[in-house]
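# A look at the structure
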Amino acid sequence: MAPTEDATTGRDGAMGGSPPGLAPIASISRRDGVMTGIRRAIVLGTLKPGEKLTENRLSAALKVSRPTMREALAQLAQEGLLVQEPYRGLRVADLDAGAIMDIARTRVGLDMLAVEGILDDPSGQRLARVQAAWEVYERLPFDADPIEAHESHIAFHRAIWEASENTLLIRLWPMIEAHITIVLAQDQATRDDPRRADDVHKLVVDAILSRDLERVHRALIVHTVDSAKELIEMLQASEPAHTG
């Protein structure tokens, strides 16, 4: 039987071991699958902000080995989606009002850098990529599955950073995505207003297409900072009243 391409067979069919330091593809894919499963659980609220996580419980639930789970959890902690506490283990990251506002203001600054990179392209190709990403996002129905809505939202913002071709922004994206995921999970649990989400995103896209950086900045404030303030107000309103 002809050799196939796997851990011991090269593309040309020659037999040989994996190069030193490279893990088998199947192992990496399994770890990534675990990470995706945990992200989805956070988005859906199955795993809530602040909830403690244990390797045993998650390994049993996702039917993976503890080493694979440990590797996935470590990567999620590095990205900021999970928090490692000395002697207390891991928990899902939760964000207080100050952290939510810090993230929102930082995102505006980084998004502006991305837009400046997009508009700095005289060919218009980067701007066309933003338009294409928006057309994909806009096709999402208002009653879309929560996971599909979340992934589409994330993909749209990632596409803006990628269109900028700013290598540092692209390298920073996984950490920013983790924080966006936590904020969106809290937002989704507090309010469900897909029409508003569509409106504020269209505001941003129209501003980018106008090439007016001041207009872009105003749109990003509405999309990110004002939304963060509204989320904080709703979270505070939903907190149980404390009696003295």
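Residues numbered from 1 in each chain as written. Predicted model: local features only at pLDDT ≥ 70, side-chain atom pairs only at ≥ 80, totals over all residues. Heavy atoms only, no water.

### Focus: the confidence of the model for the protein chain
Confidence in the prediction of the protein chain, expressed as mean pLDDT, is 84, and 86% of residues score 70 or more. Every residue in residues 1–27 scores below 50 in pLDDT, and together they form 16 contacts with partners more than four places removed in sequence or on other chains. (pLDDT = per-residue confidence, 0-100. Contact = heavy atoms within 4.5 Å.)

### Some remarks on the packing of helix α8 (residues 194–210) against helix α9 (residues 213–238)
Packing of α8 against α9 leaves a shortest axis separation of 7 Å and a crossing angle of 160°. Comparing their axes, α9 and α8 come out roughly antiparallel. Pair α8 / α9 crosses with left-handed handedness. Across the interface between the two elements, Arg-196, Val-200, His-201, Leu-203, Val-204, Asp-206, Ala-207, Ile-208 and Ser-210 from α8 touch Arg-215, Val-216, Ala-219, Leu-220, Val-222, His-223, Ser-227 and Glu-230 from α9. Here the residues of the contact of α8 with α9 are counted per class, giving 9 nonpolar, 4 polar and 4 charged. (Axes fitted to C-alpha atoms, helices over the stretch in contact; angles between N-to-C directions. Helix = DSSP H or I, 4+ residues; strand = E, 2+ residues; numbered from the N terminus. Parallel < 35°, antiparallel > 145°, perpendicular 65-115°, else oblique. Left-handed = near helix turned anticlockwise from the far one by under 90°. Nonpolar A, V, L, I, M, F, W, Y, C, P; charged D, E, K, R; others polar.)

### Some points on empty space enclosed by the protein
Evaluation of the coordinates by the stated rule reveals 1 cavity of 30 Å³ or more. Put simply, the largest cavity is a space of about 30 Å³. Taken together, Asp-111, Val-115, His-157, Ile-160, Val-204, Ile-208 and Leu-220 make up the lining of the largest cavity. Here the residues of the lining of the largest cavity are counted per class, giving 5 nonpolar, 1 polar and 1 charged. (1 Å grid on protein atoms, 1.4 Å probe; cavity = no way out; pocket = protein on both sides within 12 Å on 5 of 7 lines; lining within 4 Å. Points joined across faces, edges and corners; volume = space filled by probe spheres on them.)

### A closer look at the layout of surface pockets
Space inside the largest pocket adds up to approximately 780 Å³. His-153, Leu-184, Asp-187, Asp-193 and Ala-197 are the residues nearest the centre of the largest pocket, which is lined by 31 residues in total. Contributing elements (two or more residues each) for the lining of the largest pocket: α4 (97–119), α6 (146–164), α7 (167–190), α8 and α9.

### Things to note about the pairing of strand β3 (residues 89–92)
The pairing of strand β1 (residues 52–53) with β3 spans 2 bridges and is classified as antiparallel. Within β3, the position partnered with Lys-52 by the bridge is Arg-91. A loop of 3 residues connects strand β2 (residues 82–85) with β3, the two strands running antiparallel in sequence, and Tyr-87 in this loop sits at a positive phi of about 65°. (Pairing = 2+ DSSP bridges.)

### Let's talk about unusual backbone geometry
In this model, Lys-63 sits at a positive phi of 55°, which is unusual for a non-glycine residue. Note that Lys-63 resides in the loop between α2 (55–62) and α3 (66–79).

### Brief notes about the packing of aromatic side chains
Counting across every chain of the model gives 4 aromatic pairs. Following the ring pairs from residue to residue traces out a cluster consisting of Trp-134, Tyr-137 and Phe-156. (Phe/Tyr/Trp six-rings, centres within 6.5 Å; stacked < 30°, edge-to-face > 60°.)

### Let's talk about the sheet that holds β3
Reading across from one edge, β1-β3-β2 is the order of the 3 strands in this open sheet, with antiparallel pairing throughout. Both outer strands of the open sheet, β1 and β2, are each paired with one neighbouring strand and no more. Strand direction decides the pairing type here: β2 and β3, joined by 4 bridges, are antiparallel. Counterpart to Val-83 in the pairing with β3 is Arg-91.

### Concerning the pattern of salt bridges
Here the structure, examined in full by the defined rule, presents 16 salt bridges. Here Arg-88 and Glu-85 are joined by a salt bridge, their closest N and O atoms 3.8 Å apart. You can call Glu-85 buried: its relative accessible area is 19%. The shortest N-O distance in the salt bridge between Arg-126 and Glu-165 comes to 3.2 Å. Remark: Glu-165 occurs in the loop between α6 and α7 and Arg-126 occurs in helix α5 (residues 125–138); sequence separation between them is 39 residues. (Salt bridge = Lys/Arg side-chain N within 4 Å of Asp/Glu carboxyl O. Buried < 20%, exposed > 50% of the residue type's maximum accessible area, 1.4 Å probe, protein only.)

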